[in-house]
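Structure assessment
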Amino acid sequence: MLEDTWLLLRLKRGNPEALRRLYEKYRVYLLRLAAALLADKHMAEDVVHDVFLRLVQSADRLTLSGSLKSYLRTCVVNGVRNKARAAKIRAVVSLEEADIAAADTDGSSQWIILKEESRRIHQALAQLPDEQREVIALHLYGEMKFCEIAGLQEVSIKTIQSRYRYGLEKLRLLLDGEVET
Amino acid sequence: MKPVKKTEKVLARFDIEVNDQQDRAVLDKLLDAQARRKITGAALSVFDVFRKMIRSRMIQIMAATIIIGIGFFSVYEWGERDAIVSKPIPQEVKSPADLTTLGALRFAFCQGGMEKVEQMCDQAISMSGPRPAEISRWDCF
C-alpha cells in the first residue's frame, strides 16, 4: 500500500521506473482477472492494456481514496463490461468457439498464455452466465469479499452468495473429472 | 473435503503466463505514451498554471480588488485634474508703476483691448490707495 502510494507519486511526475514497477507488479493479476471475466482472451488483453494506458495518461489527475490495486481492479471490471456491451457479444461462448480462441493462444502475438489445465478452466468459466462468472472471478481471482462484490453489482450479499454457489456447482459438473481427482 | 472447497481448489489452479515478447512490446508502448505525455505536459505547463491561477478563489478576489482599486484611483485622479484646471492661476502682483508702463499697457491692449487696459488702470489705482472724490481716475495719469 505504502509502496503503491510512493510509486503513484513518482508516476505522477512521469517517472518511467515507477511505471515499469507498477506494470510488473499488477499485470499478471489484472490479466488473470480479465481472462477469467471474459471468454475472449484478445479482449482481456485489450482491457488490461487500456487500463494501464489510462493510468499513464491520467496519472497527474488521479486521486485515490482506496488502494491502487482495488482501483485497477475496478477499472478492469468496468472495462470488461464496456467491452462486452460495445461489441454486443455474449460473454459466454460455446465450447467450440472457446477452443478456436484457445487454439491461437500460443502465437507470438498473444500476451496471455494458458496451459492445458488453465485452458480447461477458462473454457468452463466461459460457459457460466455473466453474473455467476463475475462473482466467481472477482472472489477467487480478484480477491474481493462478497460484500464488496455486492456493492459493485448493486445486489444483496445473499444474491451474491447464491450466484457463487450455483456457479461453483455448475463448474463442478463441467470440470467433473478434475474436481474428483 | 466438501465439493465447494474441492471446486475452489481446482479453480485456484487457473493461472496465466505472459508472452515475454508481447509483454515487452506493451511496456514499451506504455513508456512511449508516458514520454509523449511528459512532452505535452511541459508544453502546456504555462497554460495549466494560468488555468489553475484563474480557478483559484483567492486570485479571483485579488484581481477584482485590483480592478476596483484602479477604477477608483482613475476616477479620483480625473476629479483632481478637473480641480487643478478649474483653479484660477494666481496673477503676479506688480506695483502700480509697473502696471502703467507703456509696455505693460500695450501688452494689456493686445491681450484684451481697452477693457483690459481699464482693468489694469483700476488695479493700479486701487493699489495706490484712496483718492479724493473730486479727482477722477484719469486725472491720476
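To be clear, the structure that these remarks concern was listed above.
Parameters at a glance
- For every chain, the first residue of the written sequence is number 1, and numbering continues from 1 onward in sequence order.
- Lettering of chains starts at A and numbering of ligands starts at 1, both following the order in which they are written.
- Whole-chain, interface and lining totals are the exception, using all residues; otherwise, since this is a predicted model, local features are given only for residues with pLDDT of at least 70 and side-chain atom pairs are given and counted only at 80 or more.
- Note: side-chain values were computed over all heavy atoms of the structure, leaving out hydrogens and water.
- Residues are treated as being in contact if the distance between any of their heavy atoms lies within 4.5 Å.
- What counts as buried area is the accessible surface, traced by a 1.4 Å probe, that two parts surrender upon association, with contributions from both included.
- Salt bridges are identified by distance alone: a Lys or Arg side-chain nitrogen within 4 Å of an Asp or Glu carboxyl oxygen.
- We define a polar contact as two N or O atoms separated by no more than 3.5 Å, with the added condition that, inside protein, one atom must be a possible hydrogen donor and the other a possible acceptor, whereas residues neighbouring each other in sequence contribute only through side-chain atom pairs.
- Put simply, DSSP H or I for four residues or longer makes a helix, DSSP E for two residues or longer makes a strand, and each gets a number counted from the N terminus.
- Every helix has an expected span of 1.5 Å times one less than the residues it contains.
- Note on exposure labels: buried denotes an accessible area under 20% of the residue type's maximum, exposed denotes more than 50%, and partly exposed covers the range between, all computed with a 1.4 Å probe on protein chains only.
- For patch detection, residues must exceed 30% relative accessible area and be free of salt bridges, and they are connected within 9 Å for like charges or within 5 Å for nonpolar side chains (Val, Leu, Ile, Met, Phe, Trp, Tyr).
- For the accessible areas, the method is Shrake-Rupley and the probe is 1.4 Å, while residue cover comes only from the protein chains on display.
- For helices, the fitted axis covers only the stretch in contact; all axes are lines through C-alpha atoms, and the angles between them, taken along N-to-C directions, range from 0 to 180 degrees.
- By the definition adopted for this analysis, an angle is roughly parallel if under 35 degrees, roughly antiparallel if over 145, roughly perpendicular if from 65 to 115, and oblique otherwise.
- Asp, Glu, Lys and Arg are counted as charged, while Ala, Val, Leu, Ile, Met, Phe, Trp, Tyr, Cys and Pro are counted as nonpolar; the rest, among them Gly, fall into the polar class.
- Side-chain rings of Phe, Tyr and Trp (the six-membered ring for Trp) are treated as a pair once their centres are within 6.5 Å; stacked means planes under 30 degrees apart, edge-to-face means over 60, and tilted covers the remaining angles.

**Some words on the interface of chain B and chain A**
- Between chain B and chain A, the residue contacts involve 27 residues of the former and 43 residues of the latter.
- Interface of chain B and chain A: buried area, both sides summed, is about 3,400 Å²; carbon and sulfur atoms make up 63% of it.
- Taken together, the connections running from chain B to chain A amount to two salt bridges.
- Taking the shortest distance from any N to any O, the salt bridge between A:Glu117 and B:Arg13 comes out at 2.3 Å.
- Here chain B is connected to chain A by nine residue pairs in polar contact (both at pLDDT 80 or more).

**What to know about helix H7 (residues 130-141) of chain A**
Residue and element names in this part refer to chain A.
- Here H7 spans 16 Å end to end across twelve residues, near enough to the 16 Å set by a 1.5 Å rise per residue.
- All of the buried residues in H7 are Gln132, Arg133, Glu134, Val135, Ile136, Ala137, Leu138 and Tyr141.
- Positive backbone phi, at 55°, marks Glu143, one or two positions downstream of H7.

**A word on a nonpolar patch on the surface**
- Taken together, the side chains of B:Met58, B:Ile59 and B:Met62 make up a nonpolar region of the molecular surface, amounting to roughly 300 Å² of accessible area.
- Looking at the secondary structure, you find B:Ile59 in helix H4 (residues 57-86).

**Examining the packing of H7(A) against helix H9 (residues 157-174) of chain A**
Residue and element names in this part refer to chain A.
- As a packed pair, H7 and H9 sit with axes 8 Å apart at the nearest point and diverge in direction by 95°. Viewed along their axes, H7 and H9 adopt a mutual orientation that is roughly perpendicular. Side by side, H7 and H9 meet where Glu131, Gln132, Val135, Ile136, His139 and Leu140 of the first sit next to Ile160, Arg163, Tyr164, Tyr166, Gly167, Leu168, Lys170 and Leu171 of the second.
- Partitioned by chemical class, the residues of the contact of H7 with H9 number eight nonpolar, three polar and three charged.

**Examining the side chain of A:Ser118**
- Residue placement: A:Ser118 occurs in helix H6 (residues 116-126).
- Those residues in contact with A:Ser118, other than ones at most four positions away along the chain, are B:Arg13, B:Phe14 and B:Asp15.

**So, the packing of aromatic side chains**
- What the rule picks out here adds up to three aromatic pairs over all chains.
- Between A:Tyr141 and B:Phe14, the ring centres sit 5.3 Å apart and the planes meet at 55°, which makes this aromatic pair tilted. Note that A:Tyr141 is positioned in helix H7 and B:Phe14 in the loop between helix H1 (3-11) and strand S1 (16-18), a pairing that runs across two chains. Each member of the pair, A:Tyr141 together with B:Phe14, is buried.
- Summarising the aromatic geometry, the rings of A:Phe146 and A:Tyr164 are spaced 5.1 Å apart at their centres and angled 65° between planes, so their arrangement reads as edge-to-face. Of this pair, A:Phe146 sits in helix H8 (residues 146-153) while A:Tyr164 sits in helix H9; the two residues are 18 residues apart in sequence, bridging distant segments of the chain.

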